[in-house]
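Structure at a glance
What follows is each chain in one-letter form.
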Amino acid sequence: MRDTAGYSTIHGDGREISYELSLEYEILAKAVDLGPDARGAVDDASRLAALEAGKANLSAYLSERVVIYLDGAACEPHLDGVSTTTRDENPYVQMDLTYTCPGESGQYQLTYDVFSDVDAISDEHTNIVEYQIGADSGRTVMDGGHNELLMGENSVIVSSSRFALMGVEHLLFGLDHVLFVVAVMLGATSLRNLVGVVSMFTLAHSVSLITALLGWVQVGASIVEPLIALSITFVAIENLLGAPRRRHLVVFLFGLLHGLGFAGSLKITDDVSWNLVASLLSFNIGIEAAQVLLLLVIFPLLLLVRRSRFSAPVVRGATIVVAVFGLIWFLERFFLA
């Protein structure tokens, strides 16, 4: 299983709410019975044929997992149409839905349970939501722990805090990013050296993260993810061979890769606005906060180990383990993806 992202655009004025939902085709085909040929579909024509054949099952799935309420009363959903598209080299399905509500104004609530733990088909599913209901508009992120949205009450502060939390979770639960930071710490010769190297990593991944999210740089996940895994092994092997040379430059270059990996979990296509800037900065701040937390927890423990008589074998053993994990992930992502 792996992480996946969905994208929602919601517009409403009066009784009808229009909802455009984009989901990754491969994951959707696992969650919904679209027929015997759905999972083996290799082009847009065959995927669209499978979607049309399984439209009734798809409609039933969405009606249970994407629910809109008006003042506590459920709106009636209808799947108007489906189409195929591509995002970050992955085939996606765009579904156009219309919700007919029992009134023309009030408090709208979205409950989103697509690809939930019950389905057990993805590690983490996030949904990037943009909405405009009458005069109210906003943007937020939904996931397994935040599956309800009250539209009309989502301020910039609430939205920014949600993006920041997502940044924290993405680094802490992304074991490849964690092990890269650990590899850097294992190779640091002093606190001053570590701060300098980590600062280069922060600068690099911040630049590539923001440029990728704004659509200025696009590199496919099939290229980025294997290279991220390889970066872990490279830094760990450098540690084993002795004092790393040009560590600042190496970490900066690999930081650019990791920034592209961070961006892969949060694809935003929108005109530049203050809300968008706040969202991107909050996501990046969340990543930095998680990185600082890792340093505060792990580096003091590493210093204690280095002052013991078991320093050399423990540090060397930990470095070898990190290198092996990176190599395994590289082989999986390059040959088995």
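Below: a short report on this structure. In this text, all values refer to a predicted model and were calculated from it rather than measured experimentally. Per chain, residues are indexed from 1 in the order of the written sequence. Only residues with pLDDT of 70 or above have their local features reported here, since the model is predicted, and side-chain atom pairs are shown and tallied only from 80 upward, although totals for entire chains, interfaces and linings are computed over all residues. Heavy atoms throughout the structure, all of them, feed into the side-chain values; hydrogens and water do not.

Below, the discussion takes up the pattern of salt bridges. A side-chain nitrogen of Lys or Arg and a carboxyl oxygen of Asp or Glu constitute a salt bridge if their distance falls within 4 Å. The tally for this structure, following the rule as stated, stands at seven salt bridges. Ionic pairing is found between glutamate 130 and arginine 139, a salt bridge with its closest N-O pair at 3.8 Å. Since its relative accessible area comes to 24%, glutamate 130 is described here as partly exposed. Categorising residues by exposure relies on relative accessible area from a 1.4 Å probe, with only protein chains included: less than 20% of the type maximum marks a residue as buried, more than 50% marks it as exposed, and the intermediate range marks it as partly exposed. Overall, the relative accessible area of 6% leaves arginine 139 in the buried class. With its nearest N and O atoms 3.4 Å apart, the salt bridge here joins arginine 333 to glutamate 225. Placement of arginine 333 in helix α10 (residues 311–335) and of glutamate 225 in helix α7 (residues 221–241) is noted, with a sequence separation of 108 residues between them. Note on conventions: DSSP H or I runs of at least 4 residues are helices, E runs of at least 2 residues are strands, and numbering of each starts at the N terminus.

By the element assignment, aspartate 176 lies in helix α5 (residues 175–187). Using a relative accessible area of 7% as the deciding quantity, one classes aspartate 176 as buried. Contacts between residues were defined by any pair of non-hydrogen atoms, one from each residue, lying within 4.5 Å. If near-sequence neighbours (up to four positions away) are discounted, aspartate 176 is found in contact with Glu225, Ile228, Ile232, His258, Trp329 and Arg333.

Another aspect to go through is helix α6 (residues 191–213). Helix span, expected: 1.5 Å multiplied by one less than the number of residues in the helix. Over its 23 residues, α6 extends 32 Å from the first C-alpha to the last, a length consistent with the 33 Å expected when each residue adds 1.5 Å. Listed as buried for α6 are Leu194, Val197, Val198, Phe201, Ala204, His205, Ser206, Ser208, Leu209, Thr211, Ala212 and Leu213. Immediately downstream of α6, the backbone of glycine 215 shows phi near 85°, a positive value.

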